[in-house]
Amino acid sequence: MGADIYSELVAMIGMESPPQTCVDECSKDMIRHFVEPIKDENPLYTNDEFAKNSKYGGIIAPPAMMYTWCLAPIWGPDGQEVKWREEVRRKDNPDPLSLVITKLEEAGYTLALSADITYEFIKPVVPGDRITSSEKLIAVSQEKKTRAGVGYFTTYVRTYWNQKGEVVCKQNYVNYKFKPQEA
Amino acid sequence: MSQTDIVARSRYWEDVSEGEELPPLELDLTTTMIIAGAIGTRDFYPLHHDRDFAQSQGFKDIVLNLMTSGGYAARLVTDWSGPEGEIKKLVQRVAIPAHPGDKLIWNGKVISKRIEGNEHLVDVEYAGRVAAGVHCSGTFTLALPSRSSSH
């Protein structure tokens, strides 16, 4: 059975999600809400005057905020209402991560861990930007045993671009979908 | 630490040496901070705000989310470099979950310095630890201003 799942996953390599555009524009308010619990005093994020005189010419979003630009809302005025993002993904988009998750959950691999994330920042996101991103499945492991259990590592690259079509970030993401192993 | 302190700390690439340690960043995590982090990153997965759900998943309490951890790690680095330190790359590996009540201590160290094209780069290795072990670790690549190419 394990071998079948593996070959089905391998057949999905190269699959890309339809581009998703963030419902929110980047704004100074969203930036402030991100830095608030982190208490990050970097003036590029919150101080207009400092940022205006910097090489960026204005406030920029913290690079570590990148993934927030692709999270779906939990409610929308069009009647859309969902509990959390994974359900949105599965309902609306035939993206590779959702399909992999669904396939593995059906096979009993119900738990998930994010193993490793690499962001390459190419251009700052600034207030007024509207970010779109798309994700592609690039690698699949054989079934692997870890301390958490037994399951599959799948690797994705997500590309983020702004409303001018300029790529702002590339993100590599490894997901481990597993089931606890009986001792 | 204040905005003026961060600006005053701004570092030139020439002033950085390999092996240099960054001033640590210590946090006492609370439920409020973890939930504010989840909201600030628009991450509504219940693990980050719903204790009952977290416990049903085998955790003792809600869990600090990935993006907020990344934000703390980035703060460790730019508190040290100053705002001129431009984050080019971030590698993030999350291991042990961080919960309310945990003391989370971030440390960093410069592991290499190099010039690539016009850019003066440093690589910083970092880790955030709770009592149970490493919560999150990885590397940053930063571009710093250089005395030789200041304009």
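Residues numbered from 1 in each chain as written. Chains lettered and ligands numbered in written order. Predicted model: local features only at pLDDT ≥ 70, side-chain atom pairs only at ≥ 80, totals over all residues. Heavy atoms only, no water.

(A) Quick peek at the interface of chain B and chain A. Every contact between the two is made by 35 residues of chain B and, on the other side, 36 residues of chain A. Between chain B and chain A the total buried area reaches about 3,200 Å² when both faces are included, carbon and sulfur atoms providing 59% of it. By the criterion of area lost to chain A, the three top residues of chain B are Gln3, Arg42 and Met67 of chain B, representing 20% of everything that side buries. Remark: the boundary between chain B and chain A carries three salt bridges. A salt bridge links glutamate 86 of chain B to lysine 55 of chain A; the nearest nitrogen and oxygen atoms lie 2.7 Å apart. For the interface between chain B and chain A, the tally reads eight residue pairs in polar contact (both at pLDDT 80 or more). Elements with a minimum of two residues in the side of chain B that touches chain A: helix 1 (3-9), helix 2 (31-40), helix 4 (66-81) and strand 2 (86-94) of chain B. As paired elements, strand 2 (residues 111-121) of chain A and strand 2 of chain B share four bridges and run antiparallel to each other. The residue of strand 2 of chain B that forms the bridge with tyrosine 119 of chain A is leucine 90 of chain B. (Contact = heavy atoms within 4.5 Å. Buried area = accessible area lost by both parts, 1.4 Å probe. Salt bridge = Lys/Arg side-chain N within 4 Å of Asp/Glu carboxyl O. Polar contact = N/O pair within 3.5 Å; in protein donor to acceptor, adjacent residues only side chain to side chain. Helix = DSSP H or I, 4+ residues; strand = E, 2+ residues; numbered from the N terminus. Pairing = 2+ DSSP bridges.)

(B) How the structure looks around the pattern of salt bridges. Tallied over the full model, the rule gives 19 salt bridges over all chains. Residue arginine 93 of chain B pairs with aspartate 116 of chain A through a salt bridge whose shortest N-O separation is 3.4 Å. Of the two residues, arginine 93 of chain B is situated in strand 2 and aspartate 116 of chain A in strand 2; the pairing between them involves two chains. For glutamate 20 of chain B, the salt bridge goes to arginine 11 of chain B, with nearest N and O atoms at 2.8 Å. With a relative accessible area of 23%, arginine 11 of chain B lands in the partly exposed category. Several salt bridges converge on common partners, so that one network encompasses Lys55 of chain A together with Glu86, Lys88 and Glu119 of chain B. (Buried < 20%, exposed > 50% of the residue type's maximum accessible area, 1.4 Å probe, protein only.)

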